[in-house]
Amino acid sequence: STRNCPCKMSQLPPMSPLASPVSEGTNSRVEALDNLSMDSFWLEVENIKQSAEVEQEECSLADVKTPEEGEAEAEWLQDAGLSELLGDRGSDNDNLVLLSTLTQTQAAAVQRRLDTYSRSRRRKSKHPVRDVRDIFGVASSEETAAEKEESNPDPLWQNLQTANAQRKTQDYSCTVRNPGKEEVFNMDVAYSEQAAVLLKGSFLSESRKLKDGNALTKFKILKGRLGVTRIGDLSAQDMKKIPTLALIELTALCDILGFELKRNKAAKLKTTEKRLFGVPLNTLLENDQKLLPNTKVPLLLQAMLSCLEKRGLETEGILRVSGSQTRIKSLEQKLERDFYTGLFRWDEVHQNDVSGLLKRFIRELPAPLLTAEYLPAFAAVQNIPDLKQRLQALNLLILILPEPNRNTLKALLEFLSKVVARENNNKMNLWNVSTVMAPNLFMHKGLPNKIPEGKEKQLAEGAADMVRLMIHYQDLLWTVSSFLVAQVRKLNESNSKRFCDKRIKNLLRKIHADKDKVEKNQAEPLKTVKVHTSLLLKDSLEVHLNNATRVADVLRQFQKNLCQNGWSIINTVNLLKCNNSIECPNLLLYEVGGNIGEHCLDPDTYLLDLYHINPHAEWIIKQNPSYPRMF
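Here the residue numbering is sequential within each chain, running from 1 through the sequence in written order. Where local features are concerned, this predicted model is filtered to residues with pLDDT of at least 70; where side-chain atom pairs are given and counted, the filter is 80 or more; whole-chain, interface and lining totals use all residues. For the side-chain quantities, the full set of heavy atoms in the structure was used; hydrogens and water were omitted.

As annotated in an unreviewed UniProt entry, the protein carries the name RHG40 protein and comes from Neopipo cinnamomea. UniProt positions are given in the numbering used here, feature names are shortened, and annotations may be inferred rather than shown by experiment. Annotation of the protein in UniProt includes, under Function (unreviewed entry), the sentence "GTPase activator for the Rho-type GTPases by converting them to an inactive GDP-bound state."

Draft legend 1. Up close: the overall build of the protein. Secondary structure elements follow DSSP: runs of H or I no shorter than four residues count as helices, runs of E no shorter than two count as strands, and numbering proceeds from the N terminus. On a plain count of helices and strands, the protein comes out with 26 helices and eleven strands. Scored against the burial criterion, the 631 residues of the protein give a buried share of 53%. For the protein, the proportion of contacts with a sequence separation of at least 24, taken over those separated by at least 6, is 82%. Here's how the labels work: a residue is buried when its accessible area is under 20% of the maximum for its type, exposed when over 50%, partly exposed in between, all with a 1.4 Å probe on protein chains only. Residue contacts are defined here by distance: any two heavy atoms, one from each residue, within 4.5 Å place the two residues in contact.

Draft legend 2. Structural view of the packing of helix H14 (residues 325–338) against helix H15 (residues 351–363). In this analysis, axes come from line fits to C-alpha atoms, helices being fitted only over the stretch in contact, and the angle between any two N-to-C directions falls in the range 0 to 180 degrees. As a packed pair, H14 and H15 sit with axes 10 Å apart at the nearest point and diverge in direction by 70°. Viewed along their axes, H14 and H15 adopt a mutual orientation that is roughly perpendicular. For the pair formed by H14 and H15, the contact residues are Arg327, Ile328, Lys329, Leu331, Glu332 and Leu335 on the first element and Asp353, Gly356, Leu357 and Arg360 on the second. We call Asp, Glu, Lys and Arg charged. Ala, Val, Leu, Ile, Met, Phe, Trp, Tyr, Cys and Pro are nonpolar, and the rest, Gly among them, are polar. For the contact of H14 with H15, the class distribution of residues is four nonpolar, one polar and five charged. We call two directions roughly parallel when the angle between them is under 35 degrees, roughly antiparallel when it is over 145, roughly perpendicular when it lies between 65 and 115, and oblique otherwise.

Draft legend 3. Molecular detail of H14. Helix span is expected to be 1.5 Å times the residue number reduced by one. When the terminal C-alpha atoms of H14 are compared, their 20 Å separation across 14 residues agrees well with the 20 Å that a helix rising 1.5 Å per residue should span. Considered for burial, the residues of H14 that qualify are Ile328, Leu331, Glu332, Leu335, Glu336 and Asp338. Against helix H13 (299–311) and H15 lie the buried residues of H14.

Draft legend 4. Here's a closer look at unusual backbone geometry. If you check the backbone angles, leucine 319 has positive phi at about 80° while not being a glycine. With respect to the helices and strands, the residue leucine 319 is situated in the loop between H13 and H14. The exposure class of leucine 319 is buried, given its relative accessible area of 0%.

Draft legend 5. Representation of the nonpolar core in the model. As used in this record, nonpolar core signifies buried Ala, Val, Leu, Ile, Met, Phe, Trp, Tyr and Cys residues forming a set joined through side-chain atoms within 4.5 Å. One finds Leu319, Trp346, Leu358, Phe378 and Phe442 to be the most contacted residues of the largest nonpolar core, which totals 130 residues. By residue number, the principal contributor to this core is helix H11 (residues 242–257), which donates ten residues. Leucine 358 has contacts with Leu301, Met304, Leu305, Leu308, Leu319, Leu412 and Phe415, leaving out every residue within four places of it along the chain. Counting residues in each nonpolar core, the second largest holds 20 residues, with Val529, Leu562, Leu601 and Ile621 among its members.

Draft legend 6. View of the side chain of glutamine 106. Structurally, glutamine 106 is set in helix H5 (residues 104–123). Of the residues examined, glutamine 106 reaches a relative accessible area of 0% and is grouped as buried. Pairing of N or O atoms within 3.5 Å defines a polar contact, subject to two protein rules: one partner must be a possible hydrogen donor and the other a possible acceptor, and residues neighboring in sequence count only if both atoms are side-chain atoms. Within the local environment of glutamine 106, its side chain forms a polar contact with the backbone nitrogen of threonine 103, the two atoms lying 3.1 Å apart. For glutamine 106, the residues in contact, after removing those within four places along its chain, are Thr101, Ala190, Ser192, Ile248, Glu249, Ala252, Phe483 and Gln487.

Draft legend 7. How the structure looks around helix H20 (residues 430–442). With 13 residues, H20 ought to run about 18 Å at 1.5 Å a step, and its terminal C-alpha atoms sit 17 Å apart, in line with that. Approximately 30° is the largest bend angle found in H20, and it occurs at valine 436, with the proline proline 439 only one to four residues beyond. Across the 13 residues that make up H20, a large majority, 13, are buried. Near the N-terminus of H20, the side chain that reaches the backbone nitrogen of tryptophan 431, with its oxygen 3.2 Å away, is that of asparagine 429. The angle between axes fitted to the seven residues ending at a residue and the seven residues starting there is what we call the bend at that residue.

Draft legend 8. Quick look at the pattern of salt bridges. Basic side-chain nitrogens of Lys or Arg form a salt bridge, by our definition, when they fall within 4 Å of a carboxyl oxygen of Asp or Glu. Tallied over the full model, the rule gives 24 salt bridges. Where glutamate 44 meets lysine 359, a salt bridge forms, and the shortest distance between an N and an O atom there is 3.1 Å. With a gap of 315 residues between them, glutamate 44 in helix H2 (residues 39–55) and lysine 359 in helix H15 connect regions that are remote in the sequence. Exposure class is identical for glutamate 44 and lysine 359. Each is buried. The network of salt bridges with shared partners includes Lys223, Arg550, Asp553, Arg556, Asp602 and Asp604.

Draft legend 9. Just the pairing of strand S9 (residues 587–593), in detail. Counting buried positions along S9 yields five of seven residues, so the element is predominantly enclosed. Only strands joined by at least two bridges in the DSSP assignment are considered to pair. One ladder, built from six bridges, connects S9 with strand S11 (residues 618–623); its direction is antiparallel. Following the sheet pairing, valine 592 is matched in S11 by glutamate 618. Two strands pair when backbone bridges link them, and S9 and strand S10 (residues 596–600) are joined in this way by four bridges, in the antiparallel orientation. Counted as the bridge partner of tyrosine 590 is cysteine 600 from S10.

Next up, the structure:
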C-alpha cells in the first residue's frame, strides 16, 4: 500500500561513502523494534490512501528537483548567511563577523562546502570565485583547490577517513547505551566538537542493544553557571541568528559522523481558495493575528487540540481509530464556512472525527510541517547509531525550522504527550502514538517517491522512531544550546564594534581591560548592581552579588520583601541567601542589552558570572506572562 499511495514517503538522503558502518547500527535498531507492532502505521497509511482517493486532488507542492553539482553548496552557503563568499571581494564584513564566531569543526564544514562550490564553478568555466584560502587566511599559491587537497589534505578530514575505516571492524549494534539510567547531556560545548573528541576513541562500542522498545535513556541537561536557555527565552532579534548557526553546526556534526546532509530544494507553493485546510502556516497565522494579536499557533489547531484534550484523552484508540471520512469531509466544509464566525459547535463533533480532522490538517498543509527542505534530514537522523547524537541532530533541526513550524510542532507534541500520559485509559502508549502520527508527518503527496525496493519497513520504523524521540524528549529538543547563545553574543559584540572608529575602539579596549583586572581581583568579593523592574515600582533595586548569588535568590527575596511591605515601593534589596520555601513563579528576571537583545534568565543562573560576560546589560524583573497580573 505504501508504493501505491499518492501520499509518498519522503526520500531519505543518501549516506556518504564514509558512513557505511552506520547502516549496521540502524539494522540492529530495526531488529530491536520488530517486537513492536507496526500495524497502526500501515493502517494509517491505508486510511490516508483512501482519503486521497476520495479527494482526487492534485499535488499542492511542486516536484522537488535534485540540485546540480555546486547548487547544493551555493544554497547551503546562502542559508548559512555566507552568500557573499560566492561572489567577488566586495563587502563581506557580515561574513567575516560570522566566521569569527565559528568553532574549528564548524569552520572546516564551511571550508569544505566552499571548496566544492569553487571546483564546480571552475569546471563550468565561469568567472573566478573567492578562494577558500583567502577567507580562512591560508597563504595563497598558484595551486588549485584540488591540488591543495592532494598535497596538503584537510587534517580533520584525513582523521575522519582513518577513523571511519577503523570503525568498520567495530560492533555498532546499539541505540541506547544505558537504558533506564540518567546520562548527562552537555550543551556547553558544540556537538561537533564533542563528536570529534569522541571519534578518537571507541565511544560507541560499549553501547548495548535496545531490549525494550519503550526503554529510553534519561538525559539530564548539564547546567553551567549561566543556566539553561529555552526556545522563547531569547528575543526575536537574537532567535533569527540561531537557525543560521544551527545549520552550520548540524553540517559540521554530520561531517564528523560521516553523513552527507541532503536537503530538498525549496519549492513554490500553489495558492488555494480555502481559508483553513491546505493553507500555508504563515497565511493562517496572518489571518489569525488579525483576530487575536501575537497568535503563534493556528487558532484552528488550538481549537482541535483543546476539544480533544477535554473530551478525547480518555477515549480508547484515540488517534488510531479513524472517524468517518464522509463526516470528516463535511466537518472540514463547515469549518471553512463557520470557524471564524464562531458558529461552529465543537461539542457536537465525535472525538474520533476531531482526531481525523487533526491529522488531515497536518497532511493538507501545502508543505510538510517539518518543511520540504529538511524532511529528508529529519528522516535521516534514524541512521545515526548513537542516541545522544541523534538527539543532538534533532535539537539542531528543531532550531532550524521556521518559527511557525516550530511552534505548531511543539503544540502538537505537547498534546501527544498528554495522550501517552493517559495510556491506561486510551490504550495508546508512546509507540502506538508514534506509529499513527509518523505517516502524517513524514509522508506528503507533493514529495517524490523514491523508496528503495525492500526498504519500506525500515523507513517506516525509522520514521516512527523519530516521532517517538520528538515526543519523549521534547523538553530537551526545545532548548537552545549554551554554545549557540555564546555565538550569538559574539555576533552582537562584533556587530556593535563595527560602528566605532579606531580611537573609540582603543579607548573601549583599555576601559574593558582595566575593568576586567578589577573584577578578577580577589580582594573584591562582592559586586553591587541595580536591578530594574517593569512592575509599578519607581526605584531600581540595589543587589549585592557574590559567587553564590542566583536569579532565584533575587526573585525570592524580592517577593518576600514585597509581601512584608504590603506591595509598597522597595528602595533596596539587601540580598540574603534564601533557604525557605517561598517560590515566585510569577516573576522573571531578564537580561537586556549589551551583547544580547533580551534574555529570560534561568532561575539557576549565577549572576556574578553573567555580569562578567555581559557587564553592560540591564537586569529587569518582569511578571511571567503565563500568570495573572499581580498589580
